[in-house]
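Each chain is listed here by its residues.
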Amino acid sequence: MIGVIVTLLAIGLLAYFVLKNYYPPIILLIIGLVLLLVGGMLGNAPVAAKASTGFFGFDIAQAFTNLVKGRLPGLGLNIMAIAGFAVYMDRIGASKSLVKLCVKPLQAIRSPYVLLALTYVVGQFIALFVNSAVGLGLLLMASIYPLLVALGVSRTSAAAVIATTCCLDLGPSSSNAMRAADLCGIDVVTYFIQGQGPVALCTIASVAIGHFFVQRWFDKREGAKANDVNEKADELNVDKALAGAGPAYYAILPMLPLFLLIIFSPLVYKGIKLSLVTAIIVSLIVALVVDILTRRNFKLCCKDSQAIFEGMGKVFTSTVSLIVCAELFALGLNKVGGITTMIQAAASMQNAGLFVMLFVMLCIMIIATIVTGSGNAAFFAFSPLLPEAAASVGIPTLALAVPVQLSAGIARTMSPIAGVIIAVSGITGLTPIALIRRTIPVMIIAMIVSVTSSLIFI
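Residues numbered from 1 in each chain as written. Predicted model: local features only at pLDDT ≥ 70, side-chain atom pairs only at ≥ 80, totals over all residues. Heavy atoms only, no water.

## As for the overall build of the chain
Moving on, step 1. A tally of regular secondary structure across the chain gives 22 helices and zero strands.
Moving on, step 2. Taking 458 residues into account, the globule formula puts the C-alpha radius of gyration at 23 Å, and the chain, at 23 Å, falls close to it.
Moving on, step 3. Considering only C-alpha atoms, the chain reaches an extent of 70 × 55 × 40 Å along its principal axes.
Moving on, step 4. Counting over 458 residues, the chain shows a buried share of 54%.
Moving on, step 5. Taking the contacts inside the chain whose residues are at least 6 apart along the sequence as the reference set, 78% of them involve residues at least 24 apart.
Moving on, step 6. When the accessible area of the chain is evaluated, it comes to approximately 19200 Å², of which 69% is carbon and sulfur surface. (Helix = DSSP H or I, 4+ residues; strand = E, 2+ residues; numbered from the N terminus. Rg over C-alpha atoms; globule rule 2.2 N^0.38 Å. Buried < 20%, exposed > 50% of the residue type's maximum accessible area, 1.4 Å probe, protein only. Contact = heavy atoms within 4.5 Å. Areas by Shrake-Rupley, 256 points an atom, 1.4 Å probe, with all protein chains shown as cover.)

Have a look at this one:
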């Protein structure tokens, strides 16, 4: 019982400090260290199972050292490579080229709410290659938002759709997907195709249909109109909004890593084993050669390649540090025993154990994501509990990991403090609360379909 109380207190403190805009990694680190200390006092030592120093006080710090050593060469390097590639694609205009290519066909559609639904589908596809929810939201606000409004969609509906275009963390470039695959003991491509794939297709369809009806209902109810955006005619010029995009064939460059990983995976061709980092390096070399041949300015192209290392450094200070600190927090939760007690209680419910366990893990993930505004922070903090939770009810980790991992991205779009919600609402002049009033009903549909399809297909 003490462990449960300490666990709930720790989660409450984490939520409080994050809401007060404290730096999440250091808060996770501090609370995690305190939890390890409490766990040791409760008799749950050693806290550093690997490479123990022989002294409890030092073992608390050693636990963090062990996590850093374990994460940097594997998951940390993968995430840094993806981030470096993404920043480089943006620097040379390849990301904008991809968005421009995908947005162009939408201009031929004249039915406002059909366009609204298809915008989500296209945006979710682009999210496979532009893995920043805020970055993608800003790109679509500059390109497709004026078109939506010009065709009669209210600015609130248009903003709601754009804010949800990255609600599913899909594909090998998603750090949450990498972490989930690591926990399941499979490569990220297999996790993407066999785990996420069937569930994502059902969820994407439900979100598109949900936006069509939900946004139309809100617009009719509020009498919303879209006649306040024609102040500047040039805002409707998609080409101008995507100024700086590379040539049309640059759109292929952001897709290269995914194509390579799928082709040279156990699911397609087993003769060649290609790791994520190697696929990124090959793609970077191809992109650099294409850029040099296109621009014919070797010095400028070399200078732009600096973006690769800038992106790697930036994501280390944000995501990678967050992963390690969140894992220390999760280790602390395990050591105080509260989470284990709750998992065992759910597992003891014989026939309902699976559903209770899924419900518990989903509630933890959804609440943590909404409170922190970050799907990454929530998933990295609590995902280490998934293997134990799955084993306690006798199911594969994959069956629990997929719906829980996808729920983190879905819940992020319901949080008023999520970066993408703040960015999109700021551009449109809406409050974050006004925006999530439009996203929450659709995301609830997405959550229900995601969980249901996971139970059916996995």
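## Some details on the pattern of salt bridges
Moving on, step 1. As enumerated under the stated definition, the model contains eight salt bridges in all.
Moving on, step 2. One salt bridge in this structure joins Arg412 and Asp169, with 3.7 Å as the shortest N-O distance. Here the residue Arg412 occupies a position in helix α20 (residues 397–412), and Asp169 occupies one in the loop between α8 (155–163) and α9 (175–184), the gap between them amounting to 243 residues. An identical accessibility class is assigned to Arg412 and Asp169; each is buried.
Moving on, step 3. Its salt-bridge partner being Arg179, residue Asp182 comes within 3.1 Å of it at the nearest N-O pair. Highlighted residues: Asp182 and Arg179, both in helix α9, separated by three residues, approximately one helical turn.
Moving on, step 4. Judged by relative accessible area, which is 38%, Asp182 ranks as partly exposed.
Moving on, step 5. One network of salt bridges, in which partners are shared, links Asp219, Glu222, Arg437 and Arg438. (Salt bridge = Lys/Arg side-chain N within 4 Å of Asp/Glu carboxyl O.)

## Describing the confidence of the model for the chain
Moving on, step 1. Residues of the chain with pLDDT of at least 70 account for 92%, and the chain-wide mean is 85.
Moving on, step 2. The low-confidence segment residues 226–236, where pLDDT is below 50, has 12 contacts with residues more than four positions distant or belonging to other chains. (pLDDT = per-residue confidence, 0-100.)

## Focus on a nonpolar patch on the surface
Moving on, step 1. On the surface, Ile193, Phe259, Ile263, Leu267, Val268, Tyr269 and Ile272 cluster together to form a nonpolar patch covering roughly 600 Å² of accessible area.
Moving on, step 2. Take Tyr269: it is sitting in the loop between α12 (256–263) and α13 (276–295). (Patch = residues over 30% accessible without salt bridge, like charges linked within 9 Å, V, L, I, M, F, W, Y side chains within 5 Å.)

## Description of the environment of Lys96
Moving on, step 1. In this structure, Lys96 sits in helix α4 (residues 94–103).
Moving on, step 2. Residues Lys96 and Leu362, spaced 266 residues apart in sequence, show a C-alpha to C-alpha distance of 35 Å.

## Structural notes on the packing of α8 against helix α22 (residues 432–457)
Moving on, step 1. Across the interface, α8 lies against α22 with an axial gap of 9 Å and an inter-helix angle of 70 degrees. By the criterion of interaxial angle, the relationship of α8 to α22 is roughly perpendicular. Crossing hand, α8 versus α22: right-handed. In this structure, α8 contributes Thr156, Ser157, Ala159, Ala160 and Ala163 to the contact, and α22 contributes Ala434, Leu435, Arg438 and Thr439.
Moving on, step 2. Taken together, the residues of the contact of α8 with α22 sort by class into five nonpolar, three polar and one charged. (Axes fitted to C-alpha atoms, helices over the stretch in contact; angles between N-to-C directions. Parallel < 35°, antiparallel > 145°, perpendicular 65-115°, else oblique. Left-handed = near helix turned anticlockwise from the far one by under 90°. Nonpolar A, V, L, I, M, F, W, Y, C, P; charged D, E, K, R; others polar.)

## A word on the packing of aromatic side chains
Moving on, step 1. Under the definition given, this model contains nine aromatic pairs.
Moving on, step 2. Here the aromatic rings of Tyr16 and Phe17 are separated by 5.4 Å at their centres, their planes lie at 75 degrees, and the arrangement is edge-to-face.
Moving on, step 3. With a relative accessible area of 23%, Phe17 lands in the partly exposed category.
Moving on, step 4. Note on Phe17 and Tyr22: the rings are 5.0 Å apart at their centroids and 80 degrees apart in plane angle, and the pair reads as edge-to-face. (Phe/Tyr/Trp six-rings, centres within 6.5 Å; stacked < 30°, edge-to-face > 60°.)

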